[in-house]
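A structural walkthrough
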Amino acid sequence: MTGDLESDPESPTGARAPDGLEQPSDMATPGLARIVSRLPGMVYRCRVDGAWTTEFASDGARALAGVSPDAVTRERGTSYPPMALPEDTERVRGAVRTAIDAGQPYDIAYRILHADGGTRRVRDTGRGVLGADGRIEAIEGFVQDDSERLSAEERLADSETRRRETERLSSIGTWEWDPATDALTGSAELYRIFGLT
C-alpha cells in the first residue's frame, strides 16, 4: 500500500512523500505493532472520504475512551474524529482539512466521550497520507488524553488571577530581581502603586 512518489533509497518502500505528507503506513514492520500497542494513546488511520471513515484504531482506544479498537472502527459510527463530541466534530474536520490541504501536519484539541459517560479532553496530531496517485487518501494520527495537563494549566491561570486580585485589593505589589541579568520585573499592582502605568 505504498505510492510511487519521489525515490528515497533509505525508505523501506523506496518512495518519499513531499514535506508535510507521508506515505501510507505499513503495520507489517517487525515490532511496530508492539510499539504502537504500548503508546499512551490511540494511533488511527481514517480515509479522507465523505464520511472520514476510520480504518484502523490501536489498542490505545481502551485506555483513552474505554472501548475496543473494533468499537472505534465499527460500532461508534466509524468517522473521524473517533469518539468526538458531536459539537466538536465539524471544527476538528475543518482544521484537519485546512492543514492537510496546505501539506502541513495538524495538532488540535477536542473532547471525546468516554465509555464511563464522562468526557475527556484530547490532543490529536497527525498528517495527510498520499495515495499511489499522489493525492491525499487518508490521515494518520495519534490521540492522547490531555485532560490532566489542561486542568493543571487552568489551575495555574486561576491561581494567577487570584494573586493579581489579592494584590489589587490589598494594595500590595510584588517584584522580582534576576541577579544574572540585573532585570527587575514587577506586578501590575506594583506599577500602579508607584504610578508607573
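All figures in this text were calculated on a predicted structure; none of them were measured in a lab.

Glancing now at the nonpolar core. By size, the foremost hydrophobic cluster in this structure holds 26 residues, and its most contacted members are M42, Y80 and I139. Ignoring any residue separated from it by four or fewer positions in sequence, one finds Y80 in contact with Y44, C46, A51, W52, T54, T89, V92, R93, V96, Y106, D124 and I139.

For the rest of this paragraph, the subject is helix α4 (residues 86-101). Spacing of three or four residues puts side chains on the same side of an α-helix, whose turn is 3.6 residues. In this model α4 runs 23 Å from its N-terminal to its C-terminal C-alpha over 16 residues, within 8% of the 22 Å that 1.5 Å per residue would give. Where α4 ends, the next residue or the one after it, G103, has phi of about 70°, a positive value.

Before going further, it helps to examine the pairing of strand β9 (residues 175-178). As paired elements, β9 and strand β10 (residues 183-186) share four bridges and run antiparallel to each other. Across the sheet, the residue bridging to E176 is T185, located in β10. Between β9 and β10, which pair antiparallel in sequence order, lie four residues; one of them, D182, sits at a positive phi of approximately 60°.

With that settled, consider the pairing of strand β7 (residues 119-130). Pairing of strand β6 (residues 106-113) with β7, which is carried by eight bridges, proceeds in the antiparallel orientation. Bridge pairing in β7 places L113 opposite T119. Taking the residues that link successive antiparallel strands as the turn, the β6-β7 hairpin has five residues, and the phi of G117 there is positive, at about 95°. As paired strands, β7 and strand β8 (residues 136-145) are joined by nine bridges and run antiparallel to one another. If you follow G126 over to β8, its bridge partner there is G141.

What counts and how
Residues numbered from 1 in each chain as written. Predicted model: local features only at pLDDT ≥ 70, side-chain atom pairs only at ≥ 80, totals over all residues. Heavy atoms only, no water. Core = buried A, V, L, I, M, F, W, Y, C linked by side-chain atoms within 4.5 Å. Buried < 20%, exposed > 50% of the residue type's maximum accessible area, 1.4 Å probe, protein only. Contact = heavy atoms within 4.5 Å. Helix = DSSP H or I, 4+ residues; strand = E, 2+ residues; numbered from the N terminus. Expected span 1.5 Å × (residues − 1). Pairing = 2+ DSSP bridges.

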